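Structure at a glance
The lines below spell out each chain.
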Protein chains: 2
Amino acid sequence: MSRFRLGIDIGGTNTTFGIVDASGKIVAKSSISTRGHNSPETFVAALFEEYKKAFDRTLQDGVTHIGVGAPNGNYYTGNIEFAPNLEWKGVIRLAELIEAQFQRPTKVSNDANAAAMGEMMYGAAQGMKDFIMVTLGTGVGSGFVANGQVIYGHDGFAGELGHVIAVRDGRQCGCGRKGCLETYTSATGIVKTVYEFLTKDSRATPLREKQDITAKDIYDAACLGDAMALEIFDYTGKILGQTLADAVAITSPEAIILFGGLAQAGDYIMNPTRNYMEENLLHIFKNKVKLIPSLLKESDVAILGAAALD
Amino acid sequence: MSRFRLGIDIGGTNTTFGIVDASGKIVAKSSISTRGHNSPETFVAALFEEYKKAFDRTLQDGVTHIGVGAPNGNYYTGNIEFAPNLEWKGVIRLAELIEAQFQRPTKVSNDANAAAMGEMMYGAAQGMKDFIMVTLGTGVGSGFVANGQVIYGHDGFAGELGHVIAVRDGRQCGCGRKGCLETYTSATGIVKTVYEFLTKDSRATPLREKQDITAKDIYDAACLGDAMALEIFDYTGKILGQTLADAVAITSPEAIILFGGLAQAGDYIMNPTRNYMEENLLHIFKNKVKLIPSLLKESDVAILGAAALD
């Protein structure tokens, strides 16, 4: 009998889940809506129903562990705690509910820490004991791994690199403070940068013709050689590189792995980030830390990360 | 037979060492000069000679482990690597030399990581699995502990909080970069602040009468209620508190333990540091992280920290 893991990714809108084999292949996959359930209990019941319907009995029988990536998921307690983008408020005893329903040991974590586990088990961090995973999506998340273990911290919520102050008294962040890394280096942050550039600079650029600019538009403009788009990536890479250099001084990782929408801009974002990081590193860390893209498919990482929780 | 540990602290000038019992008491202590030895080999031979002379045979026989705190000491290799303030250049295979001479398993680390171990085994961090030790001395060092283990990082040199950029383009640091935390919050950093304040501000203050101001003079002035001295502690605590708030976002510690000359200023430095840290913390970390002074005696911590290495 093969041994499988079930990875569940709870997003604000949809919950996707899949059965993962030992090589990191998702052998079966399904999803339900996260919304419209009266309670966490009915949500978990609906999840179990779809699980039984979608997957062969052989696969189900082979599942030995369940991992869940969820916003504000706490690894220690197995709870979701006060997630702003879910319909259920307060503390949800998610691991307990899932274990009761599925009869399998269940771990819960937030998305970025799960992604770090996925990268370590199946992706670019295989064999590494010390690395930093940075997810550059709508927000900026991170998972720090040291001595082969994710750093969850005393309360289970460690790894909030997106809320390190990158620019003192800088841009207003949704968290209520100013200058957080994610206000500059998330998909939404870099779009803010575009509008700042367009306001202060009258050059012609394809970006000026667009409405509702997205991170993808900046990438497309950079591919056309647009100078402003390249400067925007440079500006973003500078702020990211400076902040990463400080993170390196704390945990001295073997590698920093970038993942998410902005990381898909490839060299346009990797090169300035790497250069500014190196420029800002303390001498003992120079030319030691690899800055690399994730090896996992964007569509797979959430399930793989959740499945890798242990 | 009691089981003891030998802790050795190699400083730029002196090497002190002591036998530590299981309760964290230094039961015997001695020292030799770090300088004036032709080679690391003759230094270790001199250390062994003094060890045999200074300590009872019963104590020697009870020693089961040796730990060494040394500048640029690398936990993984047991080597001292390119320490700027020692006479021996390059890479010194210290653990190997000591093991050969003393016939005991030997671990090497830098001073701040050793201090973190000492605090965990004998001091304020007993029972904690996640904390940050910050040493505010001539420089600023730190040891980060997560999941009950010191974070040494990929290369053995993690924990350089003193070289996180606290003020972008700020004061020139000895490391060649600008604005490192230690240029503001070390004993020498706070003295720089005094001279800046005295230059830009013509108020009367006992500090103006002093030559070669030290951190102790600032403390003494604060005790007399001197407004400028209090503002200097506030300024220093602000920079330290802001930087600690960012470190908390990464490792989410149960406590941050302050040690060293500046920490001895007690509430004058602890209160502003705590207030600015809280003000700058991401909401999920507010009112969770203890900021506390070390419980170890200044004169003991280097030996206790070294002895605690494992």
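Only a predicted model underlies this, so the values are computations on that prediction, with no experimental measurement involved. Residue numbers run consecutively from 1 along every chain, following the written order of its sequence. Labels are handed out in written order, letters beginning with A for the chains and numbers beginning with 1 for the ligands. Reporting in this predicted model follows two pLDDT cut-offs: at least 70 for local features of residues, and 80 or more for side-chain atom pairs to be given and counted; totals over whole chains, interfaces and linings ignore these cut-offs and use all residues.

1. Here's the deal with the interface of chain A and chain B
Note that contacts rest on C-beta atoms placed from the backbone: two residues are in contact if these are within 7 Å. Listed as interface residues are 31 residues of chain A and, on the opposing side, 31 residues of chain B. Of all the elements in the fold, those that place two or more residues in the side of chain A that touches chain B are strand E9 (140-146) and helix H9 (227-251) of chain A. With 5 residues, H9(A) is the single largest residue contributor to the side of chain A that touches chain B. Among the residues forming the side of chain A that touches chain B, the class breakdown is 15 nonpolar, 10 polar and 6 charged. Only DSSP runs of H or I covering at least 4 residues are called helices, and only runs of E covering at least 2 are called strands; the numbering of each starts at the N terminus. Under the scheme applied here, ten amino acids are nonpolar (Ala, Val, Leu, Ile, Met, Phe, Trp, Tyr, Cys and Pro), four are charged (Asp, Glu, Lys and Arg), and all others, including Gly, are polar.

2. A closer look at the nonpolar core
By convention in this section, buried Ala, Val, Leu, Ile, Met, Phe, Trp, Tyr and Cys residues joined through C-beta atoms within 7 Å make up a nonpolar core. Partly exposed residues are those whose C-beta has more than 12 but fewer than 20 other C-beta atoms within 10 Å; with 20 or more the residue is buried, with 12 or fewer it is exposed, and the C-beta atoms are placed from the backbone. By size, the foremost hydrophobic cluster in this structure holds 196 residues, and its most contacted members are Val134(A) and Val134(B). Not counting chain neighbours up to four residues away, the residues in contact with Val134(B) comprise Val140(B), Ser142(B), Leu161(B), Ile256(B), Ile257(B), Leu258(B) and Phe259(B).

3. Side note on unusual backbone geometry
All names here are of chain B. The phi angle at phenylalanine 82 is positive, at roughly 55°, despite the residue not being glycine. Tracing the sequence through the fold places phenylalanine 82 in the loop between strand E5 (80-81) and strand E6 (91-92). With a phi close to 60°, aspartate 169 is a non-glycine residue in the positive phi region. Checked against the element boundaries, aspartate 169 lands in the loop between strand E10 (149-150) and helix H5 (182-185).

4. Concerning the sheet that holds strand E8 (residues 131-136) of chain B
All names here are of chain B. Read from one edge to the other, the open sheet built from 5 strands follows the order E10-E9-E8-E11-E12, with strand pairing classed as mixed. Each edge of the open sheet is held by one strand with a lone partner, namely E10 and strand E12 (290-293). For two strands to be treated as a pair, DSSP must find at least two bridges joining them. Alignment of E8 against strand E9 (residues 140-146), held across 6 bridges, turns out to be antiparallel. Its bridge partner lying in E9, methionine 133 is registered against glycine 143. The angle between two axes is taken between their N-to-C directions and runs from 0 to 180 degrees, where each axis is a line fitted to C-alpha atoms and a helix contributes only its stretch in contact. Lying over the sheet, helix H4 (residues 111-122) contacts E8, E9, E10 and strand E11 (255-259), oriented at roughly 50° with respect to E9.

5. As for the confidence of the model for chain A
Per-residue pLDDT for chain A has a mean of 95; in total, 99% of the residues score no lower than 70. Scoring of the predicted complex yields 0.94 for pTM and 0.94 for ipTM. Along the chain, pLDDT gives the predictor's confidence residue by residue, from 0 to 100.

6. Some points on the sheet that holds strand E7 (residues 106-109) of chain A
Picture the strands of a sheet paired through backbone hydrogen bonds; they go either parallel or antiparallel. Residues and elements named next belong to chain A. The 5 strands are arranged E3-E2-E1-E4-E7 in an open sheet whose pairing can be described as mixed. At either end of the open sheet lies a strand with only one pairing partner, and these are strand E3 (26-33) and E7. Neighbour to neighbour, the strand axes of the sheet diverge by 15° on average, direction disregarded. Of the strand pairs in this sheet, strand E1 (residues 4-10) and strand E4 (residues 63-69) are connected by 6 bridges, and their pairing is parallel. Following the sheet pairing, phenylalanine 4 is matched in E4 by valine 63.

7. Focus: the packing of helix H6 (residues 187-200) of chain A against H9(A)
All names here are of chain A. As a packed pair, H6 and H9 sit with axes 10 Å apart at the nearest point and diverge in direction by 125°. Considering their axes alone, H6 and H9 lie oblique with respect to each other. H6 and H9 meet at a crossing whose hand is right-handed. Residues Ile190, Thr193, Val194 and Phe197 of H6 form the contact with H9, whose participating residues are Met228, Ile232, Tyr235 and Thr236. Residues of the contact of H6 with H9, tallied by class, amount to 6 nonpolar, 2 polar and no charged. Angular relationships are summarised with four words: roughly parallel below 35 degrees, roughly antiparallel beyond 145, roughly perpendicular across 65 to 115, and oblique for the angles in between. Two helices that cross are described as forming a left-handed crossing if the nearer one is turned anticlockwise from the farther one by less than a right angle, and a right-handed crossing if clockwise.

8. Re the relation of the copies chain A and chain B
The operation linking the two copies of the chain is a rotation about an axis combined with a translation along the axis. The two copies are related by a screw operation: chain A maps onto chain B through 180° of rotation and 0.0 Å of translation along the axis, at an RMSD of 0.1 Å. Here the copies are linked by what is in effect a two-fold axis. Here 100% of the contact residues of chain A are again contact residues in chain B; the copies associate through an equivalent surface. The copies were overlaid by least squares, fitting only the C-alpha atoms of residues that reach a pLDDT of 70 or more in each copy.

9. So, helix H1 (residues 40-54) of chain B
Residues and elements named next belong to chain B. For a helix, the expected span equals 1.5 Å multiplied by the number of residues minus one. The end-to-end C-alpha separation of H1 is 21 Å, in line with the 21 Å expected for 15 residues at 1.5 Å each. All buried positions along H1 are accounted for by Phe43, Val44, Leu47 and Tyr51. Down the axis, H1 shows its buried residues gathered within 95° of arc, on one side only. Those residues of H1 that are exposed and angled more than 90 degrees off the buried face are Thr42, Glu49, Lys52 and Lys53. Buried positions along H1 lie against strand E2 (14-20), strand E3 (26-33) and helix H3 (94-102). The directions from the helix axis to the C-beta atoms are what the arc is built from.

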